[in-house]
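# Residue-level structural notes
This is what each chain is made of:
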Amino acid sequence: MRRIISWAAFLALAGGCSVPEPDARVWVAYNQDCGNFYGWHLKHHPNEPMTRQTLAEYFDPSLASCVTHYFINPNGMTASFESDAFECDWKLHGKIECAMSSRYRTHDKIMALKRQLADDKLDPFAFFMERARERGVSPWISMRMNDVHQTWEDDNCMIARHWLAHPEMRLHPDYPIFTAMKKDSSFVAYDFEWREVRELRLRQVDELLSRYDADGIELDFMRECQLFRPGRARENVPLLTAFVREVRRMAGIAAKRRGHGFGVAVRIPSRPEAARALGMDFETWAREGLVDLVIAGNNYPSSDFGYSSAEWKRILRAANPSVRFLAGRDDGFASECRRETRRALTMAEQAGWIERHLAEGADGLYFFNICYADWNSGDMRYFKEGGWSVRRFATEGRAYPVSYIDYARFVGTPLEAPQLPVEVGGRQVDVRVACGRMPTEGTVAAVLGFSRTPSPKLRATVRLNGQAASGSAEGPSDLFVTRPEKRCGKSVWRFEFPASAMREGFNVITIGGVGQRECVLHACEMQVDGT
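Description of the structure in this document.

Criteria and cut-off values
- Residues numbered from 1 in each chain as written.
- Predicted model: local features only at pLDDT ≥ 70, side-chain atom pairs only at ≥ 80, totals over all residues.
- Heavy atoms only, no water.
- Helix = DSSP H or I, 4+ residues; strand = E, 2+ residues; numbered from the N terminus.
- Buried < 20%, exposed > 50% of the residue type's maximum accessible area, 1.4 Å probe, protein only.
- Contact = heavy atoms within 4.5 Å.
- Areas by Shrake-Rupley, 256 points an atom, 1.4 Å probe, with all protein chains shown as cover.
- Arc of directions from axis to C-beta.
- Polar contact = N/O pair within 3.5 Å; in protein donor to acceptor, adjacent residues only side chain to side chain.
- Pairing = 2+ DSSP bridges.
- Axes fitted to C-alpha atoms, helices over the stretch in contact; angles between N-to-C directions.
- Parallel < 35°, antiparallel > 145°, perpendicular 65-115°, else oblique.
- Left-handed = near helix turned anticlockwise from the far one by under 90°.
- Nonpolar A, V, L, I, M, F, W, Y, C, P; charged D, E, K, R; others polar.
- Core = buried A, V, L, I, M, F, W, Y, C linked by side-chain atoms within 4.5 Å.
- Phe/Tyr/Trp six-rings, centres within 6.5 Å; stacked < 30°, edge-to-face > 60°.
- Lys NZ or Arg CZ within 6 Å of the ring centre and 35° of its normal.

## Remarks on the overall build of the protein chain
Assigned secondary structure in the protein chain consists of 17 helices and 22 strands. Looking at the 531 residues of the protein chain, the share that counts as buried comes to 60%. When contacts within the protein chain are restricted to residue pairs at least 6 apart in sequence, those whose partners lie at least 24 apart make up 80%. Of the roughly 20900 Å² of accessible surface on the protein chain, a fraction of 51% belongs to carbon and sulfur atoms.

Printed below as a string of structure tokens:
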């Protein structure tokens with residue numbers, strides 16, 4: 001049976017009342033980006049126009065899952081719909097020579113599809129929202145607040161001409177925008193200290209609220225999370241709070257116009273201290289009733305497996321108990337601070353992440369970039385089966401990997417340093433692993449990926465919370481492989497421990513102290529067998 005989201009709940013949210021929603025089941029929120037479905041269409045319906053039927057074919061499998069809330073993103077730096085507030089990429093494509101046209105043969109076809117939809121007056125994002133509501137799924141707008149996609153390519157039609165014309169309004173005006181590596185593109189995002197930038201974004205928010213009949217709007221500050229120049233974030237906290245306050249006012253107008261509640265969500269860094277350092281005063285936003293949802297997120301290369309939903313709930317409960325918290329992740333992660341080590345999550349890692357954050361009290365879970373997943377694959381099994389609860393996932397085989405904070409370079413204050421890679425052998429090394437609830441019986445395992453086979457002497461030093469392993473064996477060599485030529489652990493070893501050695505929360509895996517450097521530890525995770 002599908003979930004019906006109560007309008008009364010959203011009316012309560014819009015009014016700032018602390019009224020619990022009747023449906024207490026966990027929120028499962030899914031972010032749909034502004035472009036993936038075009039590529040899907042070209043793959044499955046080449047040389048055919050895009051229609052309501054083909055859009056439904058793409059969208060409906062996710063609606064037949066346990067997803068309760070759909071966050072639908074209609075914009076990057078430019079928009080894919082007929083817009084007055086955004087520049088339109090498909091219109092720019094017709095006026096300039098797009099670098100992407102020569103590099104990717106499908107790009108011209110995607111722009112042609114966007115133009116065809118505009119000519120047919122078929123807005124795919126409005127269709128998705130309508131379709132979601134018909135199926136009892138709550139549709140939200142997800143606006144990327146400072147997107148920088150394709151800014152590393154000259155004359156790309158996804159780049160706003162306004163951004164090109166105003167280098168003084170960028171975070172780093174002198175940064176070489178077209179010669180920079182893709183990984184550095186965030187440094188050329190807009191600087192929100194400029195009034196013109198904030199006013200541009202507010203005009204775009206207003207257009208989205210007027211155009212789409214949604215249940216709320218998400219301000220996605222993780223695309224990109226650096227909003228002010230280095231050293232200027234804390235001073236500009238009032239500017240960003242005033243911005244969010246104005247969005248709340250606009251949402252109130254939208255609620256009256258639509259005749260139902262209209263919530264405001266923010267997606268911000270997964271570590272509270274990072275959000276504060278970047279100028280995002282989420283506690284004031286919650287205390288003043290400016291937001292209804294706070295969503296923890298990462299930037300791109302790696303989901304953050306180290307943050308705590310319990311900490312977020314404690315902070316938000318003190319500020320405003322009616323504000324919900326959603327734990328968020330991306331569709332992949334990396335154990336090291338290197339993009340090339342990014343890989344998809346295993347089913348056990350998916351189960352571990354879900355179980356841990358539900359156990360820590362998250363009101364829901366939020367998934368970014370999984371719109372690129374194949375709904376017919378086994379990777380989406382948990383979404384298709386539903387019934388998410390701590391008890392359900394406590395019976396699944398689950399894993400808790402070590403990751404890193406992928407947005408740390410934007411934060412002016414020190415954050416937790418990447419734990420991996422690290423040389424092991426000569427000195428003792430401690431690796432902290434955030435885990436969920438400990439099993440009551442059986443065994444658990446620490447799985448480590450080394451640069452080469454560790455000696456028996458080094459393997460004998462491995463401890464879990466001070467307890468020696470009961471046994472070890474070489475594990476699956478492909479566990480930590482992203483691409484065959486980019487392994488983050490060529491020699492994988494599994495160290496077993498009794499279940500009693502594991503703790504709920506953070507666990508410490510210790511290795512080394514044999515007198516000489518032997519190898520490099522590239523990857524690490526805790527594994528718990530299913531029952």
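From this point, the discussion proceeds with the structure in view.
## Section: helix 13 (residues 309-319)
Every buried residue of helix 13 is accounted for by Ser309, Trp312, Lys313, Ile315, Leu316 and Ala319. Buried residues of helix 13, seen end-on, are gathered within an arc of 165 degrees and therefore sit on one face of the element. Projecting away from the buried face of helix 13 at angles above 90 degrees are the exposed residues Arg314, Arg317 and Ala318. In this structure, the buried side of helix 13 is in contact with strand 5 (263-269), helix 11 (272-277), helix 12 (282-287), strand 6 (293-297), strand 7 (324-329) and helix 14 (347-359). Here helix 13 starts with a cap whose side-chain oxygen sits 3.2 Å from the backbone nitrogen of Ala310, and that cap is Ser308.

## A short note on the sheet that holds strand 13 (residues 428-435)
The 4 strands are arranged 13-21-15-16 in an open sheet whose pairing can be described as antiparallel. Where the open sheet ends on each side, the last strands, each with one partner, are strand 13 and strand 16 (467-468). Sheet topology note: the strand 15 (residues 463-464)/strand 16 ladder contains 2 bridges and is antiparallel. Across the sheet, the residue bridging to Leu464 is Gln467, located in strand 16.

## Section: the packing of helix 9 (residues 195-211) against helix 10 (residues 237-258)
The contact between helix 9 and helix 10 brings their axes to 10 Å, and the two run at 20 degrees. On the basis of their axis angle, the class for helix 9 and helix 10 is roughly parallel. As for how helix 9 packs across helix 10, the hand of that crossing is right-handed. Facing helix 9, whose interface residues are Arg198, Arg201, Leu202, Val205, Asp206, Leu209, Ser210 and Arg211, helix 10 presents Leu239, Phe243, Glu246, Val247, Met250, Ala251, Ala254, Arg257 and Arg258. Within the contact of helix 9 with helix 10, the residues separate by chemical class into 9 nonpolar, 1 polar and 7 charged.

## So, the nonpolar core
By size, the foremost hydrophobic cluster in this structure holds 121 residues, and its most contacted members are Ile217, Phe221, Ile268, Met280, Trp285, Phe383 and Trp388. By residue number, the principal contributor to this core is helix 10, which donates 8 residues. If we skip the residues at most four places from it in the chain, Met280 touches Phe221, Cys225, Leu227, Leu240, Ile268, Pro269, Ala275 and Trp285. Counting residues in each nonpolar core, the second largest holds 29 residues, with Ala446, Leu448, Phe497 and Cys519 among its members.

## Topic: the side chain of Ser142
In this fold, Ser142 is placed in strand 3 (residues 138-144). Assessed through its relative accessible area of 1%, Ser142 is described here as buried. Polar side-chain contacts of Ser142 include one of 2.4 Å to the side chain of Glu218. Beyond its immediate sequence surroundings of up to four residues, Ser142 is in contact with Asn31, Phe71, Ile72, Asn73, Pro74, Asn75, Glu218, Asp220 and Tyr366.

## Description of the packing of aromatic side chains
The tally for this structure, following the rule as stated, stands at 29 aromatic pairs. Centroid distance Trp40 to Tyr58: 5.5 Å. Interplanar angle 65 degrees. Geometry classified as edge-to-face. Of the two residues, Trp40 is situated in helix 2 (residues 36-44) and Tyr58 in helix 3 (residues 52-63); the sequence distance between them amounts to 18 residues. The exposure classification of Trp40 matches that of Tyr58, with both residues buried. On the basis of an interplanar angle of 40 degrees and a centroid distance of 6.0 Å, the ring pair of Phe221 and Trp285 is categorised as tilted. Here Trp285 lies in helix 12 and Phe221 lies in the loop between strand 4 (216-220) and helix 10, a separation of 64 residues in the sequence. By relative accessible area, Trp285 is classed as buried at 0%. Here the basic side chain of Arg267 rests over the ring of Phe368, its NZ or CZ set 4.0 Å away from the ring centre. Residue placement shows Arg459 over the ring face of Trp493; its charged tip is 4.0 Å from the ring centre.

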